[in-house]
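# Residue-level structural notes
Here is what each chain is made of, one letter per residue.
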Amino acid sequence: MGIDYSRFISSKAASIRASEIRELLKLTQKRRIISLAGGLPDPRLFPREEIAEAARQVALELGEKALQYSPSRGVPEFIDAVKRFLQRHGVAVRGWDDVIATVGSQEALYLVAKTLIDPGDYVVVEAPSYLGALNAFRHYDARFLTVPLDENGMVTDELERVLRRARAEGLRVKLVYTVPTCHNPAGSTMPDDRRKHLLELAEEYDLLVVEDDPYSFITFEEMRYTPLKTLDRSGRVIYTSTVSKIMAPGLRIGWILAHDELISRFELVRQAVDLHAPTLNQYVVARLLDSGAVERRFDALRSVYREKRDAMLEALEEHMPEGSRWTRPIGGLFVWVWLPEDINARKLLERAIERGVAFVPGDAFYATGGGHNTMRLNFSYPSVDEIREGVRRIGEAIADLRGGRR
Ligand SMILES: Cc1ncc(COP(=O)(O)O)c(C=O)c1O
């Protein structure tokens, strides 16, 4: 007789919902479907040779250290290499700051939630927001306040209204979580005036700000903006990033840069999670950052992704119905589409799958509801031809839906 395992599952674990994106990806693997639903980098861009060579060197030359347990904060070579890398790319590292190595930036977000959130604390997020962050905060029973987002990222005038109302109602707001540059899912980037406004509000309302920044190193268009971390003069910004998009997500290496007092807290908390990020991978990443082997490839990454983004924007221009609009991302992996109000993106997805294309309906990314007529389209993984054909099929699926055809 089978065991009923559900009796043993904690109520917290039982409350975790399967990621809709993962469920969708499963579906698209079964049939030959063009998937604009995923969020994977283009695997042709992985630095295989560079990683192979660095791993060989590190294992042979530094094996005694590189294959050993290591400090929870990270190995010093990694921490120093990350600080130098960030400074080369305009992210300020202040005297009070330190870095902790994490297992991708997903663990960084999890550590932030685990360390800072008490049940019932409010977290301010963009609508839409990154699902992985919402889920990390949900796991610690955070509540959400949402701020709308447009082509220029979080609408900070709305943030001001939200915070004023929250104060009047006596809500315990702890932090603002944002992806200010090349947003996932929305593809937007905040200009500096909004960034400064956000930080002024963080001062006024005494909040911490989580700046989640996986994409800014390989933006493919000129746009002047300053990392929140660099604009921050008082130590309110917790900056998280990752090598997932500049090297390879399989390395599972990311980091948090923040005030040393916070880093010490994350360090203690993570000891019960995973002891430390993989030592060997930290050494490999440190070597690749310091040797310039990673930065030398950035232009190639930019040109591949720029071409794919352009193909998607052109196809949208051609195939989306009147009344639609979409973001024009300067980097990242996604274009966000606002369809006309009469189109429900979940219903559209059913028709789209019949036509052999998948995307992610946008409402999943809204922490407090909304976004029924939005969708996230990925351009990094499919080929240029698949992007063109996929968007064309979505256009047909919209016609199917509106015409009521089955
Ligand atoms: C905004 C954002 N944050 C965090 C992550 C997690 O990345 P990783 O854990 O691979 O570093 C992603 C991945 O797509 C992302 O888009």
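The shown structure was predicted, so the numbers you read here are calculated from the model rather than taken from an experiment. (Residues numbered from 1 in each chain as written. Predicted model: local features only at pLDDT ≥ 70, side-chain atom pairs only at ≥ 80, totals over all residues. Heavy atoms only, no water.)

### Observations concerning the site of the ligand
To be explicit about the condition: If a single non-hydrogen atom of a residue is within 4 Å of a molecule or strand, that residue counts as near it. Think of a polar contact as two N or O atoms within 3.5 Å of one another; within protein, one of them needs to be a possible hydrogen donor and the other a possible acceptor, and neighboring residues in sequence only count if both atoms come from side chains. Starting at the N terminus, helices and strands are each numbered in turn, a helix being any DSSP run of H or I of at least four residues and a strand any DSSP run of E of at least two.
Neighbouring residues of the ligand: 13 residues in total, closest Ser 105, Asp 212, Tyr 215, Thr 242 and Ser 244. Take Ser 105: an N or O atom from its main chain is 2.7 Å from an oxygen atom of the ligand. Residue contributions to the shell around the ligand peak at 3 residues, all from helix H6 (residues 104–116).

### Structural notes on the domain arrangement of the protein chain
Note the cut-off: Each domain's limits were defined by an automated method or a database of domain assignments. As used here, buried area is the combined drop in accessible area, with a 1.4 Å probe, of two parts when they are placed together. We count a salt bridge whenever a side-chain nitrogen from Lys or Arg sits within 4 Å of a carboxyl oxygen from Asp or Glu.
By the assigned domains, the protein chain splits into domain 1 (10–39 + 298–403) and domain 2 (48–293). Approximately 2,800 Å² of surface area, both sides summed, lies buried where domain 1 meets domain 2, with 64% of it carried by carbon and sulfur atoms. Taken together, the links from domain 1 to domain 2 amount to 3 salt bridges. For Asp 141, the salt bridge is made with Lys 12, and the minimal N-O distance between the two is 3.0 Å. Counting the contacts that link domain 1 with domain 2 gives 12 residue pairs in polar contact (both at pLDDT 80 or more). Contributions of two or more residues to the side of domain 1 that touches domain 2 are made by helix H13 (298–319) and strand E11 (334–338). The element best represented in the side of domain 1 that touches domain 2 is H13, accounting for 6 residues.

### So, the pairing of strand E9 (residues 254–259)
Quick note on the threshold: Burial classification: accessible surface area is computed with a 1.4 Å probe over protein chains only, and a residue below 20% of its type maximum counts as buried, one above 50% as exposed, and the rest as partly exposed. One bridge is not enough; two strands pair if DSSP finds at least two bridges between them.
Counting buried positions along E9 yields 5 of 6 residues, so the element is predominantly enclosed. Pairing of strand E2 (residues 97–102) with E9, which is carried by 6 bridges, proceeds in the antiparallel orientation. When the sheet's bridge partners are listed, Ala 101 is paired in E9 with Trp 255. Examined bridge by bridge, strand E8 (residues 237–242) and E9 share 4 bridges and lie antiparallel to one another. Among the inter-strand pairings, Ser 241 is bridged to a residue of E9, identified as Trp 255.

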